[in-house]
Amino acid sequence: MAAASAARDPGAKTRITVLGATGSIGQSLADLLERNPERYEVVALVSNRNAAGLADMAKTLKAGSAILADETCYPELKDRLSGTGIRTGAGEAAVLEAVDQDTDIVVGAIVGAAGLKPTMAAIRPGRRIALANKECLVCAGDLFMEKIRATGAELLPVDSEHNAVFQVFETDKADMVEKVILTASGGPFRSLSKADMKRVTPQQALKHPNWDMGARITIDSATMMNKGFEVIEASHLFPVTHDQLGVLVHPQSTVHGLVQYKDGSLLAQLGSPDMRTPIAHCLAFPRRMNVPVKRLDLAELGTLTFEAPDLDRFPALHLALEAMRAGGMAPAALNAADEIAVEAFLTGRIGFMDIPAAIEAVLETMGARGLLGEAASAEDVLALDAEARQKAADWIEARQMAC
Ligand code: NDP
């Protein structure tokens, strides 16, 4: 995965651009940057609509520029940053200009398929892409990896499970790897029956037992779709076959990822469930940095438990694994339908178990019409994404009418 180094001359600060700065990942990253002002220079911060949050962060981190994707929120940003010397901008062109500026590391932490275009545009020779946004690999993994290879850019995974695997995957011995295992907490409904899951509320689903994350990924964790996305991501990040990828439910979220080798060794990365650890790993790699996360006390923890995932109670995971095997644009349709279904669940329009039902219906309809073949470009993916969203919205409307 690693090709070029992000470092310039040893004394220079590392320059960073953050896409999705105001989100959960962005805030964990900001905490690390604020603690290490002598090491990092913030070139640009990008978010969508949160002008107040972006302006505050830009001032704290002394960013060169602050950009909003949504132009309607620009007047507030401009007003809040007037007189600070921090450049401001808004709209798609401004976001693309921000990724065009000289920088060493781009952190891709926009949520959803909206992250695809700017993150793809950020891939440049000699740059490090620290990738949190799942959709780049889920929706357009082949295209994304092709661009990484063609440019010689360096790709490091922020997502805790992939970062864990990255830490224990001996790239020079890839032929000796038997299995890559991603752990899953199982979410808040790990032991609930399917019948009970039909009745859960958004408030219950938003209470993740271990991780504090953005709303969409929290719901995706509750359905276990998130783990399905992660398996698809892993299939692009690591040189293994689909059959070599596995999922293990581990409610304590202490072991994040494992690699099993042909000599019987099973290497794992452990840590507190705090995203600052994998983010710091991506910033400092190949070195490490001090991070004030809670240290693991294994004696205090006492017991770590593991169980196989239940694909019957968590059909979203099953759908994701099927979409991975189908390939082409099936994972992009999966993601688009999931984004719409999760939003409908959060706004009380459908039930929790309607999320996988909506996704399955979209995949079936689009698959039957032969629409899920290979994508030749990111534009193909975005067109398919739009169609899958519409299909999901239609299914949700029909479901509401039927209730
Ligand atoms: P959040 O919902 O907390 O934050 C999303 C960020 O994306 C916000 O800064 C938001 O801006 C910005 N954003 C949304 N749409 C756009 C757009 N069109 N253009 C520019 N910026 C946009 O998400 P998370 O931080 O939880 O997750 C970010 C990504 O990282 C997701 O893909 C997620 O799956 C992945 N991830 C997250 C983990 C976590 O622990 N949170 C762990 C592993 C992966 P604004 O605030 O202005 O709306």
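Right above here is the structure, for reference.
Here's a quick rundown of the structure. (Residues numbered from 1 in each chain as written. Predicted model: local features only at pLDDT ≥ 70, side-chain atom pairs only at ≥ 80, totals over all residues. Heavy atoms only, no water.)

Attention now goes to the overall build of the chain. Helices and strands together make up the secondary structure of the chain, namely 17 helices and eleven strands. Computed over its C-alpha atoms, the radius of gyration of the chain comes to 21 Å, within 12% of the 22 Å expected for a compact globule of 403 residues. For the chain, the spread of C-alpha atoms along the three principal axes comes to 55 × 55 × 45 Å. Every one of the 403 residues in the chain was classed for burial, and the buried ones make up 53%. A separation of at least 24 residues holds for 69% of the contacts in the chain among residues at least 6 apart in sequence. Approximately 17,200 Å² of the chain is accessible, and the part contributed by carbon and sulfur atoms is 50%. (Helix = DSSP H or I, 4+ residues; strand = E, 2+ residues; numbered from the N terminus. Rg over C-alpha atoms; globule rule 2.2 N^0.38 Å. Buried < 20%, exposed > 50% of the residue type's maximum accessible area, 1.4 Å probe, protein only. Contact = heavy atoms within 4.5 Å. Areas by Shrake-Rupley, 256 points an atom, 1.4 Å probe, with all protein chains shown as cover.)

Surrounding the ligand, one finds 24 residues, the nearest of these being Thr22, Ser24, Asn48, Arg49 and Asn50. For the ligand, an oxygen atom lies 3.0 Å from a polar atom in the backbone of glycine 23. Isoleucine 25 is positioned with one of its backbone polar atoms (N or O) 2.9 Å from an oxygen atom of the ligand. Protein chains shield 85% of the accessible area of the ligand, which is 890 Å² for the free molecule. A breakdown of the residues in the shell around the ligand according to their chemical character gives eleven nonpolar, nine polar and four charged. (Near = heavy atom within 4 Å. Polar contact = N/O pair within 3.5 Å; in protein donor to acceptor, adjacent residues only side chain to side chain. Nonpolar A, V, L, I, M, F, W, Y, C, P; charged D, E, K, R; others polar.)

Strand order across the open sheet formed by seven strands is S4-S3-S2-S1-S5-S6-S7, with parallel pairing between neighbours. Only two strands of the sheet have a single partner each, and these edge strands are strand S4 (87-90) and strand S7 (154-157). For this sheet, the mean inter-axis angle between neighbouring strands, taken without regard to orientation, is 20°. Where strand S6 (residues 128-131) meets S7, four bridges bridge the pair, whose relative direction is parallel. Its bridge partner being in S7, arginine 128 is matched across the sheet by glutamate 154. (Pairing = 2+ DSSP bridges. Axes fitted to C-alpha atoms, helices over the stretch in contact; angles between N-to-C directions.)

Tracing the sequence through the fold places serine 47 in strand S2 (residues 40-47). In the structure, serine 47 is positioned 103 residues away from alanine 150 in sequence and 28 Å away in space, judged by C-alpha atoms. Not counting chain neighbours up to four residues away, the residues in contact with serine 47 comprise Ala21, Thr22, Leu54, Ile67, Leu68 and Ala69.

What follows is about the packing of helix H14 (residues 315-326) against helix H15 (residues 330-346). The interhelical angle for the contact between H14 and H15, taken along N-to-C directions, is 150°, at an axis separation of 7 Å. Judged on the interaxial angle alone, H15 and H14 are roughly antiparallel. Taken together, the residues of H15 that come into contact with H14 (itself represented by Leu319, Ala320, Ala323, Met324 and Ala326) are Ala330, Pro331 and Leu334. A class-by-class count of the residues in the contact of H14 with H15 yields eight nonpolar, no polar and no charged. (Parallel < 35°, antiparallel > 145°, perpendicular 65-115°, else oblique.)

With that settled, consider the pattern of salt bridges. Under the counting rule described, the total for this entry stands at 29 salt bridges. Two residues, aspartate 385 and arginine 389, come together in a salt bridge whose shortest N-O distance is 2.6 Å. In this pair, aspartate 385 and arginine 389 both sit in helix H17 (residues 378-402), four residues apart, roughly one turn of the helix. By sharing partners, the salt bridges in this structure join Glu135, Arg216, Asp220, Asp338, Glu339, Asp385 and Arg389 into a single network. (Salt bridge = Lys/Arg side-chain N within 4 Å of Asp/Glu carboxyl O.)

With that out of the way, let us pick up the packing of aromatic side chains. Applying the stated rule across the entire model yields four aromatic pairs. Seen from their ring centres, phenylalanine 189 and phenylalanine 352 are 5.1 Å apart, and the 80° between their planes marks the pair as edge-to-face. Highlighted residues: phenylalanine 189 in the loop between strand S8 (177-184) and helix H8 (194-197) and phenylalanine 352 in the loop between H15 and helix H16 (354-368), separated in sequence by 163 residues. Here phenylalanine 189 matches phenylalanine 352 in class, with each residue buried. (Phe/Tyr/Trp six-rings, centres within 6.5 Å; stacked < 30°, edge-to-face > 60°.)

By way of backbone hydrogen bonds, the strands of a sheet pair with one another, either parallel or antiparallel. An order of S9-S8-S10-S11 is seen for the four strands of this open sheet, with the pairing classed as mixed. Either end of the sheet is taken by a strand with one partner, and the two such strands are strand S9 (245-249) and strand S11 (266-270). Strand-to-strand twist across the sheet, computed as the mean angle between neighbouring axes with direction ignored, equals 20°. Both strand S10 (residues 255-261) and S11 contribute to a ladder of five bridges, which runs antiparallel. Within S11, the residue paired with glutamine 260 across the bridge is leucine 266. Together, S8 and S9 form the strand contacts of helix H11 (residues 225-237), whose direction differs from that of S8 by roughly 150°.

The subject of this paragraph is the pairing of S6. Taking every second residue as pointing to the same face, both faces of S6 are buried, with Arg128 and Ala130 on one and Ile129 and Leu131 on the other. Pairing between strand S5 (residues 105-108) and S6: four bridges, direction parallel. Paired with isoleucine 105 across the strands is arginine 128, a residue of S6. Regarding topology, helix H5 (residues 116-122) serves as the crossover connection from S5 to the parallel S6, and that connection is right-handed. Following the chain from S6 across helix H6 (residues 135-151) to the adjacent parallel S7, one finds a crossover that is right-handed. (Right-handed = clockwise from strand over helix to strand, strands pointing away.)

Leu45, Ile129, Phe144, Leu283, Leu334, Phe352 and Ile355 are the most contacted members of the largest nonpolar core, which has 133 residues in total. Among the elements that line this core, the one with the most residues is H15, at ten residues. With residues up to four places along the chain from it excluded, the contact list for leucine 334 reads Met225, Phe229, Ile232, Leu319, Ala320, Ala323, Ile359 and Leu363. (Core = buried A, V, L, I, M, F, W, Y, C linked by side-chain atoms within 4.5 Å.)

Honestly, that's just the spatial picture; any functional story needs more than this.
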